[in-house]
Amino acid sequence: MPDPSPSDNSPASILIVDDNPTNRYVLRTTLSRAGHTVVEAEDGTQALTILKSGEPLPEVAVVDVRLPDMTGFDVCERIKADAVTAALPVIHVSASAITATDRTQGLNRGADAYLTEPIAPDELLATVTAALRYARARRRAEHLADRLLHLNEATHLLYSADNATEVARAAAEGAAIVLGTTAVAALISPHGEPASAVRTTTRAEEASLSVEAAAVPPGVEGGEVDVRELPSYHEFGERTGTRLLLIEARPWPGFPAHLIPGGMLAVGIARAKPGRPPVCLAVPAEVVATPDDEQLLTQLAQACALALEALRSYTEEHDLALTLQRSFLPDTLPRSPLAELAVRYLPASEHTEIGGDFYEALPTRGGLLLAVGDVAGHSLDAAMLMGQVRHALRAYAIEEHSPRAILDRIENLLAAVEAQLTLTLCVVLVDSETGLLHVANAGHLPPLLRTPDGSVRFVDEHGPLLGLRLPQPSAVQVAAPPGSVLVMTTDGLIERRHEDLGDSLTRLSAVLGMLPTDVEKVCDGLLAAFPPDGEDDVALMAARVTGFSE
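These lines cover the structure that appears in this document, whether it is placed above or below. Here, residues in each chain are numbered from 1, in the same order as that chain's written sequence. Reporting of local features is limited, given that this is a predicted model, to residues whose pLDDT is at least 70; pairs of side-chain atoms are given and counted only at 80 or more, and all residues count toward the totals for whole chains, interfaces and linings. No hydrogens and no water enter the side-chain calculation; it runs on all heavy atoms of the structure.

## A closer look at the overall build of the protein
The criterion, for reference: What counts as a helix is a DSSP run of H or I of at least four residues, what counts as a strand is a run of E of at least two, and both are numbered from the N terminus. Each radius of gyration is computed over the set of C-alpha atoms, and the globule rule expresses the reference value as 2.2 Å times the number of residues to the power 0.38. Buried residues are those whose accessible area, probed at 1.4 Å on protein chains only, stays under 20% of the maximum for their type, while exposed residues exceed 50% and partly exposed ones sit between those limits. We call two residues contacting when some pair of their heavy atoms lies within 4.5 Å. A positive count includes Lys and Arg, and a negative count includes Asp and Glu. His and the chain ends are not counted in either. A single reference atom marks each charge: NZ on Lys, CZ on Arg, CG on Asp, CD on Glu.
Helices and strands together make up the secondary structure of the protein, namely 13 helices and 21 strands. In terms of C-alpha radius of gyration, the protein reaches 37 Å, well past the compact-globule figure of 24 Å for 550 residues. Seen through its C-alpha atoms, the protein measures out along the principal axes to roughly 120 × 55 × 45 Å. Looking at the protein as a whole, 49% of its 550 residues are labelled buried. For the protein, contacts bridging at least 24 residues in sequence account for 68% of all contacts bridging at least 6. With 42 positive and 75 negative side-chain charges, the protein shows a spacing of 3 Å between the two charge centroids.

Rendered as structure tokens:
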């Protein structure tokens, strides 16, 4: 068998509980000569008081079975019943309770060993050493298991992060909790910007992590540490994997060296893909004292690098899809004598898949065609279908089809391409001869009309959404005197979780009634009243009717 490690043989603090001063003297002398520190108690009550005093606990308790206030068995049971002291090894000693029945009772009631007096010094020391060896090995295993649990929680937080700053915060938080010390995380965001975080803690502050706490964890500070300015940055080369460096903190520009005792850092460096800037996790060098410490630090750095790479891949895909989505939308709005136009398009946040919201404004020989639509879902398929529908809509408008006919033809297009998605679409033609609005609405939010007298109304008439192969009703004609303002929008502007859509539409009408007639100010005012929540795209169009051709 392997020799016990030095930590298993190192001296300990030992509690002796015995009402006989002579016995206490003999035990104390034997243990003290072996280098142990001895704490004495004359009875069970005093022993339990010492254990509950808040002072550092002894590592072993040597308890006489025959005590004046309670038996040593009772003392042992109370020690084992308390979660704070349950792991404390108890060695019973006795000169009178020496039968097999006594020893069996003592062991059954929680004792770790049972010695009968007189006790040979070597036997006492060997028994104490064995108890220490087991207790210390158990503590090391429990400590390692606890750290691995925190490592797992920290890894979960890393993969739950929505941006590079949150990745840095989660990494610093995880390293601080796992290693029980101050930790600094530094990395480069998917857009090439430095992101870092500092977590200050002590071992007494160790606590479980949670997803809720990760967003704004206590003790986490945003830093301005640039991993590219690490003195040994170029030594890492382009290779993937992990590496552990020992460096001085002060030469690293921006690094909070005042938080690092001794000024030396252990830096876990990891890169998940060749050519990527590495991730750095830095802690005081003194806390990385064992191979387990080194492995935990480098594993957390590797998890951080993998989480950042996943975020980078998603960001690149999202940016590409968003560029594609924007390419499907008009570059500019047309100028028309029939109406002044303004539009706002706000994609969902960078953490949400792209949607199929779109708008169109196109002069035709019959007037000015306006349209706002929304393909169901958030995906690249939704964006692709949106592009097909918009181009088809333009073609049908150029062919001078009416709004109702445009909806019918788009319905046929969806059937022809076997589209798996549905969409809503509102098409409005500002008639160049009559000034009337011809409104055909396929399941979309009703357009909102504010007339010059200040009244506001929804054009509620509508048909079913497209993609269901259901017939559409005829377009409705709505009078819109010069100066009227027409607002068309997608549900991303007003639809919110836990809010009634009808109440939101009512508030939209009230807000429009208070805004000026300038279409740019109308768009800005509505967005101010309904700040986007980032969960859905917003397409918003405002048109101020200026007149019609004679």
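Moving on from the coordinates now.
## Here we look at the environment of Glu317
Considering the arrangement of structural elements, one finds Glu317 in helix 9 (residues 291–327). On the accessibility criterion, Glu317 (57% relative accessible area) is exposed. It is 61 Å that separates the C-alpha atoms of Glu317 and Arg78, two residues lying 239 residues apart in sequence.

## Some thoughts on the environment of Leu31
Among the secondary structure elements, Leu31 is positioned in helix 2 (residues 21–33). Under the relative-accessibility criterion, Leu31 is labelled buried at 0%. Remark: the alpha-carbon pair of Leu31 and Gly237, spanning 206 residues in sequence, is separated by 56 Å. When residues no more than four places from it in sequence are discounted, the contact partners of Leu31 are Ile14, Ile16, His36, Val38, Leu124, Leu125 and Val128.

## Details of the state of the cysteines
Formally: Here, a disulfide means two cysteine sulfur atoms that sit within 2.5 Å of each other.
Applying the stated criterion across every chain, the model contains zero disulfides. Just so you know, Cys426 is unpaired, no disulfide at all, and the nearest cysteine sulfur is the one on Cys523, 15 Å from it. Cys426 sits in the buried class, given a relative accessible area of 1%.

## A few points about the sheet that holds strand 21 (residues 538–545)
Here is the rule we go by: A pair of strands is considered paired only if DSSP assigns at least 2 bridges between the two. Think of each axis as a best-fit line through the C-alpha atoms, taken over the contacting stretch in the case of a helix, with angles from 0 to 180 degrees between the N-to-C directions.
With antiparallel pairing, five strands are arranged side by side in an open sheet as 12-21-20-17-18. Of all the strands in the sheet, just strand 12 (339–346) and strand 18 (456–458) have a single pairing partner and so form its edges. The mean angle between the axes of side-by-side strands here comes to 15°, regardless of whether they run parallel or antiparallel. Where strand 17 (residues 448–450) lies against strand 20 (residues 485–489), three bridges are found, and the strand directions are antiparallel. Within the sheet, the bridge partner assigned to Leu448 lies in strand 20 and is Val487. Packed on one face of the sheet, helix 12 (residues 501–514) meets strand 17, strand 18 and strand 20 and runs near 145° to strand 18. Helix 13 (residues 519–529) rests against strand 12, strand 20 and strand 21 of the sheet, and its axis sits at about 30° to strand 12.

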